[in-house]
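Chain and residue survey
Read off the chains here:
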Amino acid sequence: MPTSSASTTDSAKPSAAGGVQSLERAFDLLERMADAGGEVGLSELSAASGLPLPTIHRLMRTLVACGYVRQQANRRYALGPRLIRLGESASRLLGTWARPYLARLVEETGETANMALLDGDEIVYVAQVPSKHSMRMFTEVGRRVLPHSTGVGKALLAGVPDDEVRALLARTGMPAATEKTITTPEGFLTALAEVRRLGYAVDDNEQEVGVRCLAVSVPDSPTAAAISISGPAGRVTEAATDKIVPVLQQIADELSAALVSQNQA
């Protein structure tokens, strides 16, 4: 059994960063599966990762045995149910860290503040601090929406290559939540170009009539995240936007620094 022994030794050897190479490779495969929408074939993983098929097969077999990946009837592999518990716990913790920053955002803008992540092909809200106004916006934590009709979705996808955005939109479709929802890939890609130009995203009555949202991504976040404010269109006007966006960007930078520091601790 020298071949098997050599293979095991190679997979367990330290990586250049001082970690365990097989663990790094396994997590890299999970990330690539998530980027591909949660389901892939071995050949796709091999092409994307550059790893040989036998190595990928061995790693996937281990992930399947642990419940983090499952094999479909069509022989393709999909993310497994045990990841849900890990993801939910991490999201709650991330939301807990973000709440003081969202509270400051509410204090300085007067509007409801949110934090959201891109989870697979959907946006999931992981934290919220409501406005003190009697008329305010409310999005329940844990709510999932499609990214094409939200400010946070635009902020998050502005950093994703256009071909990957097109693939995501093809998987989700682009249903209209209101008459102002963007419903074509070309229209959405144009909106993302505007987000990159301006440095922030706008949801102008696109998810809900009468509601405007302003959003920015959290730079260098360990997982792609965005924060936003949302309020009645009568309050979140163009004039208010000029005052709110710099506050959003400043707090996003501060939250980023805190998350990066926590990640390195």
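Heads up: the structure comes first, above all this text.
This text gives an overview of the structure that appears in the document. This is a predicted model, so every value here is computed, not measured. (Residues numbered from 1 in each chain as written. Predicted model: local features only at pLDDT ≥ 70, side-chain atom pairs only at ≥ 80, totals over all residues. Heavy atoms only, no water.)

Bringing helix 3 (residues 42–49) into the picture now. Inspection of helix 3 places L42, L45 and S46 among the buried residues, and these make up the whole buried set. Buried positions in helix 3, seen along its axis, are confined to an arc of 100 degrees and lie on one side of it. Set apart from the buried face of helix 3 by more than 90 degrees, the exposed residues are S43 and A47. Those residues of helix 3 that are buried are in contact with helix 2 (21–35), strand 1 (39–40), helix 4 (53–66) and strand 3 (77–79). Phi turns positive one or two residues past the end of helix 3, at G50, with a value near 80 degrees. (Buried < 20%, exposed > 50% of the residue type's maximum accessible area, 1.4 Å probe, protein only. Helix = DSSP H or I, 4+ residues; strand = E, 2+ residues; numbered from the N terminus. Arc of directions from axis to C-beta. Contact = heavy atoms within 4.5 Å.)

Time to look at the side chain of T112. Take T112: it is sitting in strand 4 (residues 112–119). Owing to a relative accessible area of 0%, T112 belongs among the buried residues under this scheme. Engagement of the side chain of T112 in a polar contact is seen with the backbone nitrogen of S131, the distance being 3.0 Å. (Polar contact = N/O pair within 3.5 Å; in protein donor to acceptor, adjacent residues only side chain to side chain.)

Right, let's get into the pairing of strand 5 (residues 122–129). Each regular strand shows side chains that alternate between the opposite faces of the sheet. The buried count for strand 5 comes to 7 of 8 residues, which makes it a mostly enclosed element. As judged from the 7 bridges shared by strand 4 and strand 5, these two strands associate in the antiparallel manner. Within strand 5, the residue paired with N114 across the bridge is Q128. Between strand 4 and strand 5, which pair antiparallel in sequence order, lie 2 residues; one of them, G120, sits at a positive phi of approximately 65 degrees. (Pairing = 2+ DSSP bridges.)

A separate point is the pairing of strand 4. Judged by how many residues are buried, strand 4 sits mostly within the fold: 6 of 8 residues are covered. Pairing analysis gives 6 bridges linking strand 4 to strand 9 (residues 225–232), with the strands arranged antiparallel. Across the sheet, residue A113 finds its bridge partner in strand 9, namely I229.

For sheets, the rule is that strands pair by backbone hydrogen bonds, running either parallel or antiparallel. The strand order 6-5-4-9-8-7 describes an open sheet built from 6 strands, whose pairing is antiparallel. Every interior strand has two partners, whereas the edge strands, strand 6 (144–145) and strand 7 (201–204), have only one.

Tracing the backbone through its elements, the reader meets I182 in the loop between helix 7 (162–172) and helix 8 (185–198). The class for I182 is buried, based on a relative accessible area of 17%. Sequence spacing of I182 and Q207 is 25 residues, and the spatial spacing of their C-alpha atoms is 9.8 Å.

On to the sheet that holds strand 3. If you trace the 3 strands from one edge of the open sheet to the other, you get 1-3-2, paired in antiparallel fashion. This sheet does not close on itself; its edge strands, each paired only once, are strand 1 and strand 2 (69–71). Sitting on the sheet, helix 2 is in contact with strand 1, strand 2 and strand 3, with an inclination near 90 degrees to strand 3. (Axes fitted to C-alpha atoms, helices over the stretch in contact; angles between N-to-C directions.)

Remember, this is a structural readout, not a statement about activity or role.
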